[in-house]
Amino acid sequence: MSSRDRVLGRIRRALADVPSAERPEDVRVTRDYLRVHGGRTPEQTADLLAANLADYRALVHRCSPGEPAELIARLLAERGSASVLVPDGLPAEWTAAVRGPVRITDRAASTPQELDAVDSVVTGCAVAIAETGTIVLDGGPGQGRRRITLVPDHHICVVRVPEQVVDSVPEGLERLDPSRPLTWISGPSATSDIELDRVEGVHGPRTLEVVLVAERTGPCGVRPGTPAP
């Protein structure tokens, strides 16, 4: 008997007493677990998101609504990006100050080789989860196809604070449509071998920069853990 047969056999035995006509929605599942671990103000939630993103080695920047354009332009210049992919629906003001890099649109016909040649990509997001330091993209306006944030080596993701930030995964799931192409990002792509040697950029961007755009915050470039004035 193969391992597959053993696993399927256990599943059949576990389901032996389930009526054949029963559907998943016929059985109510108790969900009495904690939805949020602790009570936080919106400012504390944003601080937790920034800290957890940084813990995953993402580069976190904070700015006010009028500052993303200059910040994004500076990040691209510091990176030396000659090309930047800008998906449809991205607010024009976010890239209004970008002058040097060639702008590339998100096309269904783009090949993996073409995307691999792109220096940077700028997107928005669907939701950000503070407790896990996770950014979720769903392919909506300003986010583009999933592959544009998996192939290029540098991803700048803009998060609106507090409207796009939630405390917990259950709260995040309530905002997401499971039928959409969801990409969950916790820091730059990384993997480790059996000796725990970390390698970044294997399954996605080597560098993730998150711009938290808040109503009241410090100047652009403030790192997590630095209190706003």
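K.L.:
Quick one: what's the story with the side chain of Thr-183, residue by residue and with numbers?
P.N.:
Its place among the elements puts Thr-183 in strand 9 (residues 183–185). With a relative accessible area of 9%, Thr-183 lands in the buried category. In contact with Thr-183, not counting residues within four places along its chain, are Ile-135, Val-136, Leu-137, Arg-146 and Leu-150.

K.L.:
Report on a nonpolar patch on the surface, specifying residues and quantitative values.
P.N.:
Among the surface-exposed residues, Val-7, Ile-11, Leu-15 and Val-18 lie close enough to one another that they form a single nonpolar patch of about 320 Å² accessible area. Counting through the fold element by element, Ile-11 comes out in helix 1 (residues 3–14). For Ile-11, a relative accessible area of 43% corresponds to the partly exposed category.

K.L.:
Summarise the pattern of salt bridges; cite the residues concerned and give the values.
P.N.:
Taken as a whole and judged by the stated rule, the model has 12 salt bridges. As a salt-bridge pair, Asp-47 and Arg-62 come within 2.7 Å of each other at their nearest N and O atoms. Of this pair, Asp-47 sits in helix 2 (residues 42–55) while Arg-62 sits in strand 1 (residues 59–63), and the two are 15 residues apart along the sequence. Residue class for Asp-47 comes out partly exposed when judged on its relative accessible area of 38%. The exposure class assigned to Arg-62 is buried, which follows from its relative accessible area of 9%. By sharing partners, the salt bridges in this structure join Arg-23, Glu-25 and Asp-26 into a single network.

K.L.:
Requested: an account of the sheet that holds strand 4 (residues 120–123), with residues and values cited.
P.N.:
As summarised here, the arrangement of the 6 strands in space is 1-12-7-4-2-3, forming an open sheet in which the pairing is parallel. The outermost strands of the open sheet, each flanked by one partner alone, are strand 1 and strand 3 (102–104). Direction aside, neighbouring strands of the sheet carry axes that sit 25° apart on average. Bridge analysis of strand 2 (residues 83–85) against strand 4 gives 2 bridges, and the strand direction is parallel. Each residue of the ladder has a partner; that of Leu-85, found in strand 4, is Val-121. Relative to the sheet, helix 2 contacts strand 1, strand 7 (154–161) and strand 12 (207–214), its axis offset from that of strand 1 by approximately 150°. Contacts from helix 3 (residues 68–79) reach strand 1, strand 2, strand 4, strand 7 and strand 12, with the element oriented near 165° to strand 7.

K.L.:
A description of helix 3 should follow, citing residues and the corresponding values.
P.N.:
Across its 12 residues, helix 3 extends 16 Å between first and last C-alpha, which sits within 8% of the 16 Å expected from 1.5 Å per residue. For helix 3, the complete set of buried residues consists of Pro-68, Ala-69, Leu-71, Ile-72, Ala-73, Leu-75 and Leu-76. Where helix 3 is buried, its residues meet strand 1, strand 2, strand 4, strand 7 and strand 12. Gly-80 sits one or two positions beyond helix 3 and adopts a positive phi of about 75°.

About the cut-offs
- Residues numbered from 1 in each chain as written.
- Predicted model: local features only at pLDDT ≥ 70, side-chain atom pairs only at ≥ 80, totals over all residues.
- Heavy atoms only, no water.
- Helix = DSSP H or I, 4+ residues; strand = E, 2+ residues; numbered from the N terminus.
- Buried < 20%, exposed > 50% of the residue type's maximum accessible area, 1.4 Å probe, protein only.
- Contact = heavy atoms within 4.5 Å.
- Patch = residues over 30% accessible without salt bridge, like charges linked within 9 Å, V, L, I, M, F, W, Y side chains within 5 Å.
- Areas by Shrake-Rupley, 256 points an atom, 1.4 Å probe, with all protein chains shown as cover.
- Salt bridge = Lys/Arg side-chain N within 4 Å of Asp/Glu carboxyl O.
- Pairing = 2+ DSSP bridges.
- Axes fitted to C-alpha atoms, helices over the stretch in contact; angles between N-to-C directions.
- Expected span 1.5 Å × (residues − 1).

In short, geometric facts, not functional conclusions.
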